Amino acid sequence: MRELPPTVSLSTGENDLPVVLVSSAKGTATVHLQGANVTSWIPAGQDPVLWLSPDSAFAPGTPIRGGIPLCLPWFSKGPDGDREPMHGTARLARWALADAADDDGTVTLHLGLTQTGWEASLAVTVGEALALELTTRNTGDSDLTVEEALHTYFAVKDVTGIEIRGLEGAEYFDKVIGAPASQEGALVLTDRTDRVYDSTGPVEIVDPGFGRTIAIAKRSSANTVVWNPWDETVKGLADVPDDAWPGFVCVETANVGGNATVLAPGESHVIATEYALTLH
Ligand code: TA6
């Protein structure tokens, strides 16, 4: 690997897990090689944008609770509901830092993972915005069906006081009631929410409590997933404090279910997303 720029360093985080630290005039970020999880992003002069559970396990083979877990090469239990582990193997695996570059304070990291039959690379760009580009390639000799989700935990002041705009009119599957529905108006969460929207466009999280709006842009993504466990389901999550559920919302750039991608041998697919703040 080429020499790292001065704004990038390798270190260890919780439980001595390896992390990549970015610190430039435009902000800071932490990327755990465990799952290539961007566990922190703090634009210069702002509050943290990502939520990380204080009870998260930090251990090889265990998903980090918070930041941006990568669901790959399947989402949940897979297109047929029969896959283990939940959300695939990418978030459990140890990725490697391939290289890092700094362009006038905007830092781009490239991380890579090789698995049996497929490989993935993640480009993380930390500047005034945070951008992620996830590329998956079929290295096997038969077709590979790929589901993917950037399962981002956004920090909010109080999930009962936010609005998620951009999904108006979109069809979605409501996993809470097990039925399809259609979004009327902006999304205001009032209870456990677990929805897979058919939506290719940008969305935004309007958070009056923190006085900010988080704009979420995306490319090559046909689904947006919205999740919060709320006050009862959270009790079944060992790595989330029971009183922590109001402090985050997951808004996930994804391709799942009928929007999975079938890759022929040697073929690749890219999904991308970008997050930016505007203050009220
Ligand atoms: O993205 C929403 C979801 O699929 C929910 O159904 C819930 O299971 C969430 O992911 C968290 O999954 P995890 O395996 O990280 O606890």
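Right above here is the structure, for reference.
Residues numbered from 1 in each chain as written. Predicted model: local features only at pLDDT ≥ 70, side-chain atom pairs only at ≥ 80, totals over all residues. Heavy atoms only, no water.

**Q** Mind showing me how you'd approach the state of the cysteines here?
**A** Any covalent bond linking the sulfur atoms of two cysteines counts as a disulfide. What the rule picks out here adds up to zero disulfides. No disulfide involves C71; its sulfur sits 9.1 Å from the nearest other cysteine sulfur, which is in C250. (Disulfide = S-S within 2.5 Å.)

**Q** Is there a simple way to think about the side chain of T273 in this case?
**A** You can see T273 is positioned in strand 22 (residues 268-279). Assessed through its relative accessible area of 3%, T273 is described here as buried. At 2.8 Å, the side chain of T273 forms a polar contact with the backbone oxygen of A217. (Helix = DSSP H or I, 4+ residues; strand = E, 2+ residues; numbered from the N terminus. Buried < 20%, exposed > 50% of the residue type's maximum accessible area, 1.4 Å probe, protein only. Polar contact = N/O pair within 3.5 Å; in protein donor to acceptor, adjacent residues only side chain to side chain.)

**Q** Help me understand the sheet that holds strand 4 (residues 37-43) in this model?
**A** In any sheet, the strands associate via hydrogen bonds between backbone groups, in a parallel or an antiparallel arrangement. Strands sit in the order 1-2-3-4 across an open sheet of four strands; the sheet is antiparallel. Either end of the sheet is taken by a strand with one partner, and the two such strands are strand 1 (8-12) and strand 4. Averaged over all pairs of adjacent strands, the angle between their axes in this sheet comes to 20°, without regard to strand direction. Across six bridges, the pairing between strand 2 (residues 18-24) and strand 3 (residues 27-32) is antiparallel. Bridging across to strand 3, V22 finds its partner in A29. (Pairing = 2+ DSSP bridges. Axes fitted to C-alpha atoms, helices over the stretch in contact; angles between N-to-C directions.)

**Q** Quick question: what am I supposed to make of the site of the ligand here?
**A** Around the ligand lies a shell formed by R65, F75, M86, H87, R91, H151, K175, D194, V225, W227 and E252. H87 places a side-chain nitrogen or oxygen 3.0 Å from an oxygen atom of the ligand. Contact with the protein chains hides 86% of the accessible area of the ligand, taken as 390 Å² for the molecule alone. Residue classes in the shell around the ligand are distributed as four nonpolar, two polar and five charged. (Near = heavy atom within 4 Å. Areas by Shrake-Rupley, 256 points an atom, 1.4 Å probe, with all protein chains shown as cover. Nonpolar A, V, L, I, M, F, W, Y, C, P; charged D, E, K, R; others polar.)

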